[in-house]
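Coordinate analysis (summary)
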Amino acid sequence: MRTNTAIIDDQGKLNNFAIEPKVYIDEQGDRTGFTPYAEMLNGRLAMIGFVSLIALEVFTGHGIIGVLGSL
């Protein structure tokens, strides 16, 4: 005897784990790994960090080492 998601054997015992789940591939899209989107985002964040370090040096007169050393 068989139901939708389980198998009942000849002794009337229910076996919920008798049917294996369907195998599928989880498509994560273009936003993981070494993709053009990830590389552009990484480049933009690097440019923001570089410009902010230049702005820090212009406004304080010290580099990042000098600012961290004065803390």
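The rules behind each value
Residue numbering note: each chain is counted from 1, following its sequence as written. Per-residue local features of the predicted model are confined to residues with pLDDT of at least 70, and side-chain atom pairs are confined, for both listing and counting, to 80 or more; whole-chain, interface and lining totals are unaffected and use all residues. Side-chain numbers come from the whole structure's heavy atoms, not from hydrogens or water. Numbering of helices and strands starts at the N terminus; helices are DSSP runs of H or I of at least 4 residues and strands are runs of E of at least 2. Each residue gets one of three labels from its accessible area relative to the maximum for its type: buried under 20%, exposed over 50%, partly exposed in between, using a 1.4 Å probe on protein chains only. Using a 1.4 Å probe, the Shrake-Rupley method yields the accessible areas, and only the shown protein chains count as cover for residues. Helix span, expected: 1.5 Å multiplied by one less than the number of residues in the helix. The patches described consist of residues with a relative accessible area above 30% and no salt bridge, like charges being joined within 9 Å and nonpolar side chains (Val, Leu, Ile, Met, Phe, Trp, Tyr) within 5 Å. Any carboxyl oxygen of Asp or Glu that lies within 4 Å of a side-chain nitrogen of Lys or Arg is treated as forming a salt bridge with it. UniProt positions are given in the numbering used here, feature names are shortened, and annotations may be inferred rather than shown by experiment.

An unreviewed UniProt entry annotates the protein as High light inducible protein of Nostoc commune NIES-4072.

Moving on to the overall build of the protein. Within the protein, the regular secondary structure consists of two helices and two strands. When the helices and strands of the protein are listed from N to C terminus, the series reads β-β-α-α. Expressed as a percentage of its 71 residues, the buried residues of the protein come to 3%. When the accessible surface of the protein is totalled, it reaches about 6,900 Å², and 62% of it is carbon and sulfur.

The subject of this paragraph is helix α1 (residues 36–60). With 25 residues, α1 extends 36 Å from end C-alpha to end C-alpha; this agrees with the ideal 36 Å at 1.5 Å per step. In the segment just after α1, glycine 61 is the residue with positive phi, at about 85 degrees.

On the surface, Phe50, Val51, Ile54, Val58 and Phe59 cluster together into a nonpolar patch covering about 580 Å² of accessible area. On the secondary structure map, valine 58 appears in helix α1.

In the numbering adopted here, UniProt assigns the feature "transmembrane region" (unreviewed entry) to residues 45–68. Spanning residues 45–68, this segment combines 88% helix with 0% strand, and its end C-alpha atoms are found 22 Å apart.

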